[in-house]
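Residue-level structure breakdown
Each chain is listed here by its residues.
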Amino acid sequence: MLPRLRLTARHLRRIPTPTTSVAMSTFTLPNSSPECPVNLTSDITKDQLLSFPAFKNWMSTLQHSLQAQQNKNHTFHAAPYKLRKIDVQACDWFGGGKKLGFVKLTAEVTNDEGEYLPGSVFLRGGSVGMLLILQPDDVPENTEKDKYVILTLQPRIPAGSLALAELPAGMLDDSGTFAGGAAKEIEEETGLKVPEDQLINLTELALPSSEDSTGERLQKAMYPSAGGCDEFIPLFLHQRRVKRDTLEDWQGKLTGLREHGEKITLKLVRLEDLWKEGGRDAKALGAWGLYDGLRREGKL
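Computed from a prediction, not measured in an experiment: that's the story for all the values here. (Residues numbered from 1 in each chain as written. Predicted model: local features only at pLDDT ≥ 70, side-chain atom pairs only at ≥ 80, totals over all residues. Heavy atoms only, no water.)

1. Focus: the environment of L202
To be explicit about the condition: Helix and strand labels come from DSSP, where a helix needs a run of H or I of at least four residues and a strand needs a run of E of at least two; each type is numbered from the N terminus. When a residue's accessible area, from a 1.4 Å probe over protein chains only, is under 20% of the maximum for its type it is buried; when over 50% it is exposed; and in between it is partly exposed. In what follows, residue pairs with any heavy atoms lying within 4.5 Å of each other are defined as contacts.
Following the sequence through the fold, L202 ends up in helix α4 (residues 202-206). We classify L202 as buried; its relative accessible area is 0%. When neighbours within four sequence positions are excluded, L202 is seen to be in contact with L131, L235, F236, L237, A287, L290, L294 and L300.

2. Quick notes on the environment of A90
Following the sequence through the fold, A90 ends up in strand β4 (residues 82-94). Since its relative accessible area comes to 36%, A90 is described here as partly exposed. Between the alpha carbons of A90 and L105 there is a distance of 7.0 Å; along the sequence they are 15 residues apart.

3. Some words on the pattern of salt bridges
This is how it is decided: Salt-bridge detection follows one rule: a side-chain nitrogen of Lys or Arg within 4 Å of a carboxyl oxygen of Asp or Glu.
One pass over the structure, following the stated rule, counts 17 salt bridges. Its salt-bridge partner being D87, residue K85 comes within 3.4 Å of it at the nearest N-O pair. The shortest N-O distance in the salt bridge between K243 and D137 comes to 3.6 Å. One end of the pair, K243, is in the loop between β13 (235-242) and α5 (244-250); the other, D137, is in the loop between β8 (127-136) and β9 (148-156), and 106 residues separate them in sequence. Accessibility expressed as a relative area gives 54% for K243, which makes it exposed. One salt-bridge network, held together by shared partners, links D138, D146, R244 and R270.

Here it is, written out as structure tokens:
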């Protein structure tokens, strides 16, 4: 079982601070077969890496997937791949060097025939996204009429944007629960208080099996950039009926934790337009697709 996680979106926005360097070192990854050397940079120790939640989750998932090759029906059974080496390339630290935030590494994964799999990895851990659907209370209940979705406009420097439209979202750390963290993030980014028991886990509903046909055990979440990043995002839904005036009040509202440098503007869009209004955001497209599919199957 992977550790429970708590969302803290503000970690995304802190400026990494380097810690005091220590001697560069190498250690053997515990329980690795064949033995896998891990080469560290000067600003991280063995214990710091092994206790980093994102590394633990990634390593547990990868090792289970590699072991699944023992099944004679596995695609790679005849020439199984093995983890041979890990090279840590860079680390980012938050809070004046007190908390490990991101780790960039390369993993050498090859089979005995010399074939290799791409292994450049950016470890940042899980995030969570929320589909918040609001409906005026002057329309009939149990209909899809006049439903609106809250998007946030905020700076995303990696995307080169100062106003990227996306679902409310944030990072996770190693305490709390997905749903509890999602409720907290909703309040931080939108000011909307949502009881945890009123959140519906869309990805959990859509992906009920803990182990798929390949024998792998991935998170019940979407992976927005699996070619280079470990990030996984469970998507939650909350629906609420509100006064029509409230919708107008929230349009363009400034929110976020100002003391942490968050500069968020709310944008309300019609549910039927989410696919294009939030078309640059993988979370928005994923949540829109899950919502539509689950409704058609009668699960919502």
